[in-house]
Amino acid sequence: MSTPATAGRGSISHVIFDMDGLLLDTEKFYTEVQEIILARFNKTFDWSLKAKMMGRKAIEAARIFVDESGISDSLSAEDFLVEREAMLQELFPTSELMPGASRLIKHLHAKNIPICIATGTHTRHFDLKTQRHKELFSLMHHVVRGDDPEVKQGKPAPDGFLAASRRFKDGPVDPQKVLVFEDAPSGVLAAKNAGMNVVMVPDPRLDISHQDVADQIMTSLLDFKPEEWGLPPFEDSN
Ligand SMILES: O=P(O)(O)OC[C@H](O)CO
Ligand SMILES: [Mg+2]
């Protein structure tokens, strides 16, 4: 399901993908380990806290986690990252693609639409998450990660998307010709702060208020219709 077309979408020439929760089903790993850690403090991890953390650089999300859950006197943001690391390192290599991710990436690449990734995740975690999907991710023109020197501030700052735009062969690209795919509220804001168009594919557990900013909302990448954005249509009947 998608929202009705809005006026003035124009023609998209370049596409930037978020990664966690959008291309890869990795947000569930963060949720799982954060539930385990909060349970140790007899607290529960809820989706209002999840919404504030997702998409951000690790240390920025960690500060939000310990502050908002009220455990910062017992656990620092830095120690939280250490505690969750062993669990995440076991989980990340099992990362699976989100529905429609492979189909959309392969389609845009086959039609010579320049595509890339701008993720908040840092290089070491990126490598663990993508190790089973190297062939697909090799179709990206480039990848901007959270520890990139040009990403001074994580999402919702526009740094990652602006760096991604600059690195296209003919970049920087006019932001009105760029379409971003995002799952996180912070990522949608980052794309709009970069002046770009954004399709949001939110987890259904996110509060609906987070859907106000995106240009289009859909429940799955399988629902994306490229021609609505001036991109070549799928030729299969799916
Ligand atoms: O959603 P991404 O790809 O920007 O990743 C951000 C964090 O690693 C997970 O929320
Ligand atoms: Mg994401």
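Residues numbered from 1 in each chain as written. Chains lettered and ligands numbered in written order. Predicted model: local features only at pLDDT ≥ 70, side-chain atom pairs only at ≥ 80, totals over all residues. Heavy atoms only, no water.

Named according to an unreviewed UniProt entry, the chain is (DL)-glycerol-3-phosphatase 2 originating from Brassica rapa subsp. trilocularis.

## Focus on the pairing of strand β1 (residues 14-17)
Burial of β1 is two-sided: the residues His14 and Ile16 facing one way and the residues Val15 and Phe17 facing the other way are all buried. Note: β1 against strand β4 (residues 178-182), four bridges, orientation parallel. Pairing of His14 across the sheet is with Val178, part of β4. Note that β1 and strand β2 (residues 115-118) share three bridges and pair parallel. Residue pairing in the sheet places Val15 in a bridge with Ile115 of β2. (Buried < 20%, exposed > 50% of the residue type's maximum accessible area, 1.4 Å probe, protein only. Helix = DSSP H or I, 4+ residues; strand = E, 2+ residues; numbered from the N terminus. Pairing = 2+ DSSP bridges.)

## Some words on the coordination of the magnesium ion (ligand 2)
Within the protein, the atoms that donate to the magnesium ion (ligand 2) are Asp18 (OD), Asp20 (O) and Asp183 (OD), at distances of 2.1 to 2.2 Å. We note that the donor set of the magnesium ion (ligand 2) lies within a single chain, spaced as D-x1-D-x162-D. Remark: Asp183 occurs in the loop between β4 and α9 (185-193) and Asp20 occurs in the loop between β1 and α1 (27-39); sequence separation between them is 163 residues. Accessibility classification places Asp20 together with Asp183 in one group, the buried group. (Donors = N, O, S within 2.8 Å, 3.2 Å for Na, K, Ca; no water.)

## Some remarks on unusual backbone geometry
Cis peptide bonds are those with omega within 30 degrees of zero, and the linkage from Lys155 to Pro156 qualifies with 20 degrees. Among the secondary structure elements, Pro156 is positioned in the loop between β3 (143-144) and α8 (159-166). Along the chain, Gly171 connects to Pro172 via a cis peptide bond; the corresponding omega equals 0 degrees. Of note in this structure, Asn42 is not a glycine but carries a positive phi near 55 degrees. Tracing the backbone through its elements, the reader meets Asn42 in the loop between α1 and α2 (47-53). Taking relative accessible area as the criterion, Asn42 reaches 76% and is therefore assigned exposed.

## A closer look at the packing of helix α3 (residues 58-68) against helix α4 (residues 77-91)
The relative placement of two packed helices is expressed as an angle between their axes plus a distance between the axes. The contact between α3 and α4 brings their axes to 8 Å, and the two run at 105 degrees. The pairing of α3 with α4 is recorded here as roughly perpendicular in orientation. In this structure, α3 uses Ala58, Ile59, Ala62, Arg63, Phe65 and Val66 to contact α4, whose residues at the interface are Ala77, Glu78, Phe80, Leu81 and Arg84. For the contact of α3 with α4, a count of residues per class yields eight nonpolar, no polar and three charged. (Axes fitted to C-alpha atoms, helices over the stretch in contact; angles between N-to-C directions. Parallel < 35°, antiparallel > 145°, perpendicular 65-115°, else oblique. Contact = heavy atoms within 4.5 Å. Nonpolar A, V, L, I, M, F, W, Y, C, P; charged D, E, K, R; others polar.)

## Details of helix α5 (residues 101-110)
For α5, the set of buried residues is Ala101, Arg103, Leu104, Ile105, His107 and Leu108. Tucked inside the fold, the buried residues of α5 contact β1, β2, α7 (134-137) and β4. Where α5 ends, the next residue or the one after it, Asn112, has phi of about 60 degrees, a positive value.

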